[in-house]
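# Examining the three-dimensional arrangement
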Amino acid sequence: MLGGVTIVASGSATPSQCLSNDQISLRVDTNDEWIKSRTGICARRVIGPHESLTGLSKQAGEAALRMANWNADSLDLVILATSTPDDLFGSAPKVQSLLGANQAVAFDLTAACSGFLFALITASQFLKNGSMKRALVIGADQLSSWVDWNDRRTCVLFGDGAGAIALEATSAKNEGLLGFTLKTDGNRGGCLNLHKSKEFLPLIEEKSHQKGGFSPIQMNGQEVYKFAVREVPEILESLLLSNKTKPASLDWLLLHQANQRILDAVAERFSIPQSKVLSNLANYGNTSAATIPLMLDEAVQDGRVKPGDLIASSGFGAGLSWGAALFKWQGPS
Ligand code: ACO
């Protein structure tokens, strides 16, 4: 018999360097008006010389543990959702070590901007089936390392950050994760990529090997936009239907923060008022796997999200991948 899972705490961390639209326009041919009107973004954070993705992930995780009032060594699982680890073998083990989560198994999960949602659902399976009791799910990305800072079509969109939530196993009747759907369509993956670079180096006579390294992010913005405004409402609608939940009964819509126009289009489709749509992309841009927990933590910290609130969330991005989850914010006991 499956049990339930509750979301008991959140945390977040962002780099100290802030880059405004006006400052980006010193680098590429763009301007504040274009960026704001097309995306809603005003500024983003960029990891500087004294910070790291691992460090931000640790800070976000620590903040969630503090809110939950848990010792790190009570964790069974740490999942780090990221597409930009400091170590390609995985950065989660380092985060586990920095946190002192000595009993936890820790691994990275890669699903671009859907990563946090995919990690949340993955972690919840271990808790629901009774094999684990406590999990920390961190979403963190450093896309500033992988955009072409001379390409105005992409560099204005992204920022760095980390967010985390603490999850605990509970009884089925206290279930906080009411439903979810996850999707992938690799056939459409070509519109958003961070490919391995194509350079081959000579090895011995007539043999070569591929050099490590990646090419900058390539994106067909319009295709990604169309994908998001088509698939996100559809997946949310089927999730709400299968959970017999009316959009009007949601307390919050918590979408991946990619573009304010996408948030507005989805909210409009369900007649959800702006006051119930969580948005902080003006300050952070698209932080990929971090956007959802970063936004959740901000709204928990400032008292907008309260214990018992019903939240519909959707992540979407490269893969193409997308997903949705319906959950209650429980908060610490
Ligand atoms: N500043 C000024 N002009 C610009 C800029 C810029 N930063 N970027 C593009 N332009 C110009 C283009 O060159 C083009 O000019 P042209 O008509 O002379 O050729 C014009 O603006 C229009 O460009 P479009 O690409 O058609 O602009 P659009 O309205 O589609 O907006 C945007 C672009 C903001 C990228 C939009 O398509 C979008 O948000 N798409 C979704 C992107 C997204 O969410 N990506 C993240 C997915 S998550 C993940 O997995 C990482």
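Bear in mind that the values here come from a model prediction, so they are computed numbers and not experimental data. Along each chain, numbering runs from 1 in the same order as the chain's sequence is written. For this predicted model, a pLDDT threshold of at least 70 governs which residues receive local features, and a threshold of 80 or more governs which side-chain atom pairs are given and counted, while totals over whole chains, interfaces and linings are taken from all residues. The side-chain values count all of the structure's non-hydrogen atoms but skip hydrogen atoms and water molecules.

With that out of the way, let us pick up the site of the ligand. When we say a residue is near a molecule or strand, we mean one of its heavy atoms is within 4 Å of it. Within the structure, the ligand sits among 26 residues, and Thr30, Arg38, Cys113, Gln222 and Asn259 are positioned closest to it. Note that an oxygen atom of the ligand is positioned 3.4 Å from one of the side-chain N or O atoms of Trp34. Side-chain polar atom of Arg38 to an oxygen atom of the ligand: 2.7 Å apart, as the coordinates give it. Alone, the ligand offers 1000 Å² of accessible surface; in the complex the protein occludes 75% of this. Each helix is a run of DSSP H or I of at least 4 residues and each strand a run of E of at least 2, with the numbering of both proceeding from the N terminus. Elements that contribute at least two residues to the shell around the ligand include exactly helix 2 (32–39), helix 6 (152–155), helix 7 (221–242) and strand 14 (310–317). Think of it as three bins: nonpolar holds Ala, Val, Leu, Ile, Met, Phe, Trp, Tyr, Cys and Pro, charged holds Asp, Glu, Lys and Arg, and polar takes everything else, Gly as well. Considering only residue class, the shell around the ligand consists of 13 nonpolar, eight polar and five charged. These domain boundaries are the output of an automatic or database domain assignment. Here the shell around the ligand gathers at least three residues from each of two domains, domain 1 (3–174) and domain 2 (179–189 + 216–328). Residues adjacent in sequence count toward polar contacts only when both atoms are side-chain atoms; beyond that, a polar contact is any pair of N or O atoms within 3.5 Å, and within protein one must be able to donate a hydrogen and the other to accept it. Accessibility throughout is a Shrake-Rupley quantity obtained with a 1.4 Å probe, and a residue counts as covered only by protein chains that appear here.

We now examine the domain arrangement of the protein. Quoted interface sizes are often the accessible area lost when the parts come together. Each assigned domain of the protein is listed here: domain 1 (3–174) and domain 2 (179–189 + 216–328). Should any heavy atoms of two residues lie within 4.5 Å, those residues are counted as being in contact. Contact residues are listed per partner, giving 44 residues for domain 1 and 42 residues for domain 2. Buried area, as used here, totals the accessible surface that two parts lose on assembly, with accessibility defined by a 1.4 Å probe and the loss added over both. Summed over both sides, the interface between domain 1 and domain 2 buries roughly 3200 Å², with carbon and sulfur atoms accounting for 67% of that surface. For domain 1, the biggest contributors to the area lost against domain 2 are Cys113, Leu117 and Phe118; these three give 19% of the whole. Note on definitions: salt bridges are taken to be side-chain nitrogens of Lys or Arg within 4 Å of carboxyl oxygens of Asp or Glu. For the pair domain 1 and domain 2, the interface holds zero salt bridges.

Below, the discussion takes up the environment of Gly176. Within the secondary structure layout, Gly176 lies in the loop between strand 7 (160–170) and strand 8 (177–184). Here the alpha-carbon distance between Gly176 and Phe227, two residues 51 residues apart in the chain, equals 29 Å. Leaving out residues up to four positions away in the same chain, Gly176 has contacts with Val5, Thr6, Leu326, Phe327 and Lys328.

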